[in-house]
Amino acid sequence: AKDGYKHFMLKEIMEQPKVLRDCLVGRLQDDRVCLPELDGLPVPGSIRIIACGTSYNAGLWSQYYLEQFAEIPVIVEIASEFRYRKPILKADELIVVISQSGETADTLGALRLCKEKGYPVVGICNVLGSSVAREASACLYTQAGPEISVASTKAMLSQMVLLLLLALYYGQRKNADCSHAKKLRAGILNELKALPEILEGALPVMRDKAKKFAYQYAYAKSFFYLGRGTAYSLALEGALKLKELSYIHAEGYATGEIKHGPIALIDPDFPTFALAFDDDNFNKVCSGILEIKSRQGNVIALLQEGTELENNDLWYIPQTKLPEFLALPAMQLFSYEMADYLGKDVDQPRNLAKSVTVE
Ligand code: M6R
């Protein structure tokens, strides 16, 4: 049931504070992360994450955190590319496959290939008893609940929580006694624990803002989504959501890449959705945005409270050290409102299926 919402997608977006809470149930003991499913596997020398679509974007996002907290090198791969190469895996590699449905043909194919080669494969899945969940050496279930809308929303958020926990978990196993590392992990855990309430408070305002910007930018035939650092993969996801739901052409780019070609596209009819988080990249991202504006490009800039940027269309989200968990729903709402305004079939976009069980 849609619980009074017009579409499943909207319901699933609005459920995300609960998803954040559910994902943490049983996973925290004081300042420690519990992933008992993985206790029997050795700490890997490197991690290879394999997935498709939105799940791939979640994997790409986690690279930053796995490298930061677990200090483990990470490669993130598109499943359909990985399985048809002749990939060279390292002896102490751990494979992590991410799939909401657990039935995506290419992801499952990649899992089987790695298992045949004798590698442990950890699955991050939402659907209980799905093929990936059954065939993986260990499965971490995301607690997102059934996702009906074709567009992945709450599933990605839940994958991000699990992946962040994974980074902290390996950090714990590797640096158990380092008090500095312990403090950093405890700090980010506190940020994570505070998120459900922050998101709950922010969602109604976000929806109004999403609606306003969607109407204002509904003229666009194309959109850029830009982000740097942890916002980069979110930019890819924002672009994916906009194209699959509203059929507006959208490209996600690393902010630092636009000057290497894409900026040639900018004119008054080619707007940009820029993510400018309050982190070490902020000033660089702002100068990227100014470059676009000086070429008459219109920009929606998503910022955190307490920061400033000269721009007409600012979208403020609350202050947190994990702004990705707020920016993601904001972009989901923007795509939702855009698609609804343009009269598209929000829950069943054309040409798409919820799980892609063919190659
Ligand atoms: O079930 P999976 O996570 O394996 O699905 C992967 C993609 O097909 C999926 O994320 C797709 O990109 C979404 N519909 C995008 O919203």
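Residue positions are given per chain, counted from 1 along the sequence in the order it is written. Whole-chain, interface and lining totals are the exception, using all residues; otherwise, since this is a predicted model, local features are given only for residues with pLDDT of at least 70 and side-chain atom pairs are given and counted only at 80 or more. Calculated side-chain values reflect all of the structure's heavy atoms, with hydrogen atoms and water omitted.

1. Points about the packing of helix α2 (residues 16-24) against helix α7 (residues 154-174)
Argument step 1. To get an axis, a line is fitted to the C-alpha atoms, and for a helix only the part in contact is used. The angle between two axes follows their N-to-C directions and goes from 0 to 180 degrees. Per the convention used, a helix needs a DSSP run of H or I reaching at least four residues, while a strand needs a run of E reaching at least two, with both numbered from the N terminus. The geometry of α2 relative to α7 is characterised by a closest axis approach of 10 Å and an angle of 30° between their N-to-C directions. Between α2 and α7, the interaxial angle falls into the category roughly parallel. The two elements α2 and α7 meet at a crossing, and its hand is right-handed. Residues Q16, V19, L20, C23 and L24 of α2 form the contact with α7, whose participating residues are K154, L157, S158, V161 and L165.
Argument step 2. Three categories are distinguished: nonpolar for Ala, Val, Leu, Ile, Met, Phe, Trp, Tyr, Cys and Pro, charged for Asp, Glu, Lys and Arg, and polar for the others, with Gly belonging to the last. Looking at side-chain class alone, the contact of α2 with α7 contains seven nonpolar, two polar and one charged residues. Should an angle fall under 35 degrees it is taken as roughly parallel, and over 145 as roughly antiparallel, whereas 65 to 115 is taken as roughly perpendicular and any remaining angle as oblique. Note on convention: near helix rotated counterclockwise from far helix by under a right angle means a left-handed crossing. Clockwise means right-handed. Contacts between residues were defined by any pair of non-hydrogen atoms, one from each residue, lying within 4.5 Å.

2. Some words on the sheet that holds strand β4 (residues 74-78)
Argument step 1. Whether two strands pair comes down to DSSP finding at least two bridges between them. The strand order across the open sheet built from five strands is β4-β3-β5-β6-β7, with neighbouring strands paired in parallel fashion. Two strands in the sheet have a free side with no partner beyond their single neighbour: β4 and β7 (138-141). Pairwise comparison of adjacent strand axes, ignoring direction, gives a mean angle of 20° for this sheet.
Argument step 2. This element, α7, spans β3 (46-51), β5 (93-99), β6 (121-125) and β7 of the sheet and lies at about 160° to β5.

3. Notes on the site of the ligand
Argument step 1. Close to the ligand lie 13 residues, the nearest being S55, S99, S101, T104 and E244.
Argument step 2. Any N or O atom pair separated by 3.5 Å or less is treated as a polar contact, with the protein-specific requirement of one donor-capable and one acceptor-capable atom, and with residues adjacent in sequence counted only for side-chain atom pairs. A distance of 2.4 Å separates an oxygen atom of the ligand from a polar atom in the side chain of T104.
Argument step 3. S152 places a polar main-chain atom, nitrogen or oxygen, 2.9 Å from an oxygen atom of the ligand.
Argument step 4. Elements with a minimum of two residues in the shell around the ligand: α3 (53-70) and α9 (232-246).
Argument step 5. With three residues, the single largest contributor to the shell around the ligand is α3. Being near a molecule or strand, for a residue, comes down to having at least one heavy atom within 4 Å of it.

4. Structural notes on the side chain of K11
Argument step 1. Examined against the element boundaries, K11 turns out to sit in helix α1 (residues 8-14).
Argument step 2. Given a relative accessible area of 14%, K11 falls into the buried group.
Argument step 3. For K11, the residues in contact, after removing those within four places along its chain, are A1, K2, D3 and Y5. Burial status follows relative accessibility: with a 1.4 Å probe on protein chains alone, a residue under 20% of its type maximum counts as buried, one over 50% as exposed, and anything between as partly exposed.

5. Overview of α7
Two residues of an α-helix separated by three or four positions point the same way, owing to the 3.6 residues in each turn.
Argument step 1. The terminal C-alpha atoms of α7, which comprises 21 residues, lie 30 Å apart, in line with the 30 Å expected from a rise of 1.5 Å per residue.
Argument step 2. With 19 of 21 residues buried, α7 lies mostly within the body of the structure. Expected helix span is given by 1.5 Å per residue-to-residue step, counting one fewer step than there are residues.

6. Comments concerning the packing of α7 against helix α8 (residues 179-216)
Argument step 1. For the pair α7 and α8, interaxial distance at closest approach is 11 Å and the crossing angle is 155°. When the interaxial angle is binned, α7 and α8 end up roughly antiparallel. Note that α7 runs across α8; the crossing there is left-handed. Of the residues in α8, those in contact with L164, L165, L168, G171 and Q172 of α7 are R185, I188, L189 and L192.

Remember that the coordinates give geometry; whether it matters functionally is a separate question.
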